[in-house]
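A look at the structure
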Amino acid sequence: MEGNMKLVTVEDTVEYRLFLVPGEPRDPEQHKKILQKYIERIMIQFAPVLLPYIWQNQPFNLKYKPGKGGVPAHMFGTTKFGDNIEDEWFIVYIVKQITKEFPELVARIEDNDGEFLLIEAADFLPKWLDPDNSANRVFFYRGELCIIPVPRQPGAVSWLPTTPPAIPQALNIISTHPEKILASESIRAAVNRRIKGYPEKIQASLHRAHCFLPAGIAAVLKQQPRLVAAGVQAFYLRDPIDLRACRVFKTFLPETRIMTSVTFTKCLYAQLMQQRFMPDRRSGYRLPPPSHPQYRAHELGMKLAHGFEILCSRCSPYFSDSKISPVTTSPLWAGFLDSLKKNDYFKGLIEGSAQYQERLEMAKNYFQLSVNCPESSPAISPGEEILTLLQTLPFDIEELKKEANLPPEDDDQWLDLSPGQLDQLLQDAAGKKEPEPISKEEENYDLTQVSKSMKAFISKVSTHKGAELPREPSEAPITFDADSFLNYFDKILGPRPHESDSDDLDEEDFECLDSDDDLDFKTQELGEEASIKGTLNDLKSYMAQMDRELAHTSIGKSFTTQKQVESLSPTTSNNSDEEDSGAGGSAVVPVDVDLNLVSNILESYSSQAGLAGPASNLLQSMGVQLPDNTDLRPTSKPTVG
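Residues numbered from 1 in each chain as written. Predicted model: local features only at pLDDT ≥ 70, side-chain atom pairs only at ≥ 80, totals over all residues. Heavy atoms only, no water.

Regarding the overall build of the protein
Secondary structure assignment for the protein yields 27 helices and eight strands. Contacts in the protein between residues far apart in sequence, at least 24 positions, make up 79% of those at least 6 positions apart. Working note: accessible area of the protein is about 40100 Å², and carbon and sulfur atoms make up 53% of it. (Helix = DSSP H or I, 4+ residues; strand = E, 2+ residues; numbered from the N terminus. Contact = heavy atoms within 4.5 Å. Areas by Shrake-Rupley, 256 points an atom, 1.4 Å probe, with all protein chains shown as cover.)

In structure tokens:
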């Protein structure tokens, strides 16, 4: 469709576009100059935030893109964020802030997944919005997320299109009806939650570690810390051809290594740490034993040195630094430097000091790459930039070795996630709501319901079909009337013929029974009852003996007795204690069945950790609903009234 843009097809890449709101018709050349001026203003104004940021692959950038296929001329940028998804969301923050600082700009951003802002707010989207009709509907305007809606009925709202709008149509709707296309508060909150904390969040994403590095790399990283990303990526994505250059080092010799502090992003540090690698014996890089206190610094330095050597080996042998022109000759440099000073980029450092010069060189490099870079000029590769810095940077290996006052390393325990931390991350990502207050019903929950339901279940007599669970009061029991059933079949099959049985006895026969036989029968019944009572008494004494034997074992002590419950009660008198102690060690204190039953069920229910399990399934089948365990502290056994 004319006026539509193609979806990003490059993996792990984000694209962003900035349009001017429709206004007076402009000449194409005049429009180009206006957009190029905006690019300069944006890159200068946001330099204090963008300059110290370490990008995974490519930095935030803006270029002029001429109009084509119904899409008007605009500012365009693309960044490959690779494995560090935080780069993408930092760009979302930057784009949002640009539209806030420049209200006449409208921004659109997407990646290879499409409208990833809608994916982030998927739980709050309206039902009509789906991937088929979301094209050219999502924009940032004046620092807020906007979604162009669809009319409920075709033609109900004249300015709302029923099909995905073209870019010019969308820009016109945004400029004329900004308050009516504002995304819902829940959608905006979901996106804002993801970018919350920037720019302060940048420092939290960094990790500082000691590295045993060649002095040349230490000097390069001291002036351009962002080049650590290129070195890590070169090592992380190495191939056999790259490793040929690392058999014998030509640029970064192992004899020049010194101990220094390097700043990584957490993603870069994790990539470097999680790869196992043994250097070629011919390279000269040797690692101490793993038990050495500085083994990790040697290992990190070795890997980083391989990455920088690979970068330099990719450069042409005829490379020269003639591509790089002095930035101070540009007419934009003075304004750029003033903007940095106004935003406290130099942190109050004295002009001319070593730290001031380091920050100034970083600013010059950013200006050269992002502000003063002509579109026709060839891009400078990281390897060429490293070789240029090595030629221009004066550094003394002996002086660098004397700098022993290194800042302490950061703790890397964040590499290992505990199950609790993982659950917290998942809850944060899902945007879990605050826990609801405990209701009065849950506070006053009666645990005797659990024991009563279990006793009712145990007292039921099971059949060949299995145990029957207690029914709810609302459920009527199933009844079966055998006589009605037989009468129904009699009506169908006809009356049954009368059958006589010669063995049947009438009343006269019963009268002929001898009274002596009746007495013998009664005597036999009494004897059987006495025998049953004797057997029951023997069984009870046998069980009592077993209880006495088990009372002093670990099995017996695992149950809570009635005496233990009474000892916890403040109303217990001293006389009862004396009576219990005077009864002798042979007396067995009865077990509190209800308390043990409830305690064991609650313990089983708690160990399920909110998942399905035997305790919850059994209780639910009996109509018992336990409240959620909101007390994370260990509690004593509950008392059953």
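A word on a nonpolar patch on the surface
On the surface, a cluster of nonpolar side chains totalling about 1000 Å² of accessible area is made up of Ile532, Leu536, Leu539, Tyr542, Met543, Met546, Leu550, Ile555, Phe559, Val591 and Val593. It is helix 22 (residues 515–551) that provides the largest number of residues to the nonpolar patch, a total of seven residues. When you line up the elements, leucine 536 lands in helix 22. (Patch = residues over 30% accessible without salt bridge, like charges linked within 9 Å, V, L, I, M, F, W, Y side chains within 5 Å. Salt bridge = Lys/Arg side-chain N within 4 Å of Asp/Glu carboxyl O.)

Structural notes on the sheet that holds strand 4 (residues 105–111)
Taking strand neighbours across the sheet as the criterion, the six strands line up as 2-3-1-4-5-6 in an open arrangement whose pairing is antiparallel. A strand with exactly one partner marks an edge of an open sheet, and here the two such strands are strand 2 (63–65) and strand 6 (144–147). Adjacent strand axes in the sheet meet at a mean angle of 30°, parallel and antiparallel pairs treated alike. With seven bridges joining them, strand 1 (residues 13–20) and strand 4 adopt antiparallel strand pairing. By the bridge assignment, leucine 20 is partnered in strand 4 with leucine 105. (Pairing = 2+ DSSP bridges. Axes fitted to C-alpha atoms, helices over the stretch in contact; angles between N-to-C directions.)

With respect to the side chain of histidine 207
Structurally, histidine 207 can be placed in strand 7 (residues 206–214). Polar side-chain contacts of histidine 207 include one of 3.2 Å to the side chain of tryptophan 414. Leaving out residues up to four positions away in the same chain, histidine 207 has contacts with Val262, Thr263, Phe264, Lys266, Tyr269, Asp410, Asp411, Asp412 and Trp414. (Polar contact = N/O pair within 3.5 Å; in protein donor to acceptor, adjacent residues only side chain to side chain.)

Some details on the pattern of salt bridges
All chains considered together, the criterion is met by 13 salt bridges. When the shortest N-O distance is used, the salt bridge between glutamate 144 and arginine 188 registers 3.5 Å. A residue pair is termed long-range when its members are at least 10 positions apart, and glutamate 144 in strand 6 and arginine 188 in helix 6 (residues 185–194) qualify at 44 residues. For glutamate 144, a relative accessible area of 30% translates into the label partly exposed. (Buried < 20%, exposed > 50% of the residue type's maximum accessible area, 1.4 Å probe, protein only.)

Describing the state of the cysteines
Applying the stated criterion to the full structure yields zero disulfides. Free of any disulfide, cysteine 312 has its nearest cysteine sulfur in cysteine 315, 5.9 Å distant. Looking at cysteine 312, the relative accessible area reads 8%, which means it is buried. (Disulfide = S-S within 2.5 Å.)

Quick look at helix 1 (residues 28–45)
Helix length check: helix 1 (18 residues) gives 26 Å between terminal C-alpha atoms against 26 Å at 1.5 Å per residue, within 8%. Taken residue by residue, helix 1 has His31, Leu35, Tyr38, Ile39, Ile42, Met43 and Ile44 as its buried positions. (Expected span 1.5 Å × (residues − 1).)

Digging into the packing of aromatic side chains
All told, the structure shown has 16 aromatic pairs when counted by the stated rule. A centroid spacing of 4.3 Å and a plane angle of 10° characterise the contact between tyrosine 53 and phenylalanine 90, whose relative ring orientation is stacked. Of this pair, tyrosine 53 sits in the loop between helix 2 (47–50) and strand 2 while phenylalanine 90 sits in helix 3 (residues 85–101); the two residues are 37 residues apart in sequence, bridging distant segments of the chain. When sorted by exposure, tyrosine 53 lands in the same class as phenylalanine 90, which is buried. Aromatic side chains tryptophan 89 and phenylalanine 116 sit 5.3 Å apart centroid to centroid with 80° between the ring planes, which places their arrangement in the edge-to-face category. Here phenylalanine 116 lies in helix 4 (residues 116–120) and tryptophan 89 lies in helix 3, a separation of 27 residues in the sequence. Each of the two residues, tryptophan 89 as well as phenylalanine 116, counts as buried. Feature note: the residues Tyr53, Trp55, Phe90, Tyr93 and Tyr198 constitute an aromatic cluster, connected by ring pairs. Against the face of phenylalanine 76 rests lysine 65, its NZ or CZ located 4.3 Å from the ring centre. (Phe/Tyr/Trp six-rings, centres within 6.5 Å; stacked < 30°, edge-to-face > 60°. Lys NZ or Arg CZ within 6 Å of the ring centre and 35° of its normal.)

What to know about the pairing of strand 1
Of all eight residues that make up strand 1, eight are buried, and the element is covered over most of its length. Side-chain alternation along strand 1 places Thr13, Glu15, Arg17 and Phe19 on one buried face and Val14, Tyr16, Leu18 and Leu20 on a second face that is also buried. Summarising the sheet, strand 1 and strand 3 (residues 74–80) pair through six bridges and their orientation is antiparallel. Each bridged residue has a counterpart across the sheet, and for tyrosine 16 the counterpart in strand 3 is glycine 77.

A look at the environment of proline 66
Among the structural elements, proline 66 can be located in the loop between strand 2 and strand 3. Spatially, the C-alpha atom of proline 66 lies 7.7 Å from that of lysine 32, the residues being 34 residues apart in sequence.

Notes on the environment of lysine 80
Mapping lysine 80 onto the fold places it in strand 3. Assessed through its relative accessible area of 31%, lysine 80 is described here as partly exposed. Between the C-alpha atom of lysine 80 and that of proline 59, which follows or precedes it by 21 residues, the distance is 8.2 Å. Here the side chain of lysine 80 touches glutamate 11 through a polar contact of 3.1 Å, landing on its backbone oxygen.

With respect to unusual backbone geometry
In this model, tyrosine 198 is joined to proline 199 through a cis peptide bond whose omega is 0°. Of note, proline 199 is situated in the loop between helix 6 and helix 7 (201–204). The residue aspartate 12 is not glycine, and still its phi comes out positive at about 55°. Structurally, aspartate 12 is set in the segment before strand 1. Phi angles above zero are rare outside glycine, and arginine 142 is one such case at about 55°. Mapped onto the elements, arginine 142 comes out in the loop between strand 5 (138–141) and strand 6.

Some details on the packing of helix 11 (residues 266–273) against helix 12 (residues 295–313)
The interhelical angle for the contact between helix 11 and helix 12, taken along N-to-C directions, is 95°, at an axis separation of 10 Å. Taken together, the axes of helix 11 and helix 12 lie roughly perpendicular to each other. Counting all contacts with helix 11, which are made through Tyr269, Leu272 and Met273, the residues of helix 12 involved are Arg296, Leu300, Lys303 and Leu304. A class-by-class count of the residues in the contact of helix 11 with helix 12 yields five nonpolar, no polar and two charged. (Parallel < 35°, antiparallel > 145°, perpendicular 65-115°, else oblique. Nonpolar A, V, L, I, M, F, W, Y, C, P; charged D, E, K, R; others polar.)

Side note on the confidence of the model for the protein
Low-confidence regions, as indicated by low pLDDT, have predicted coordinates that should not be scrutinised in detail. Summing up the model confidence of the protein, the mean pLDDT is 80 and the portion of residues at 70 or higher is 74%. Low pLDDT, under 50, characterises residues 499–505; the predicted model gives this stretch two contacts beyond four residues in sequence or across chains. Note that pLDDT drops below 50 for residues 575–585; the model gives that stretch three contacts with residues more than four away or on any other chain. (pLDDT = per-residue confidence, 0-100.)

Comments concerning the nonpolar core
Of all hydrophobic cores here, the largest spans 64 residues; its most connected members are Phe60, Ile109, Leu117 and Phe336. At eight residues, the largest contribution of residues to this core is made by helix 3. (Core = buried A, V, L, I, M, F, W, Y, C linked by side-chain atoms within 4.5 Å.)

What about helix 27 (residues 614–621)?
Three or more residues of helix 27 are buried, namely Ala615, Ser616 and Leu619. For helix 27, the angular spread of buried residues about the axis comes to 95°, placing them on one side. (Arc of directions from axis to C-beta.)

Topic: the packing of helix 13 (residues 333–342) against helix 14 (residues 354–371)
Contact geometry for helix 13 and helix 14: axes closest at 11 Å, N-to-C directions at 130°. Between helix 13 and helix 14, the interaxial angle falls into the category oblique. Remark: the crossing between helix 13 and helix 14 carries right-handed chirality. Contacts from Trp333, Phe336, Leu337, Leu340 and Lys341 in helix 13 reach Tyr356, Leu360, Ala363, Lys364, Tyr366, Phe367 and Val371 in helix 14. (Left-handed = near helix turned anticlockwise from the far one by under 90°.)

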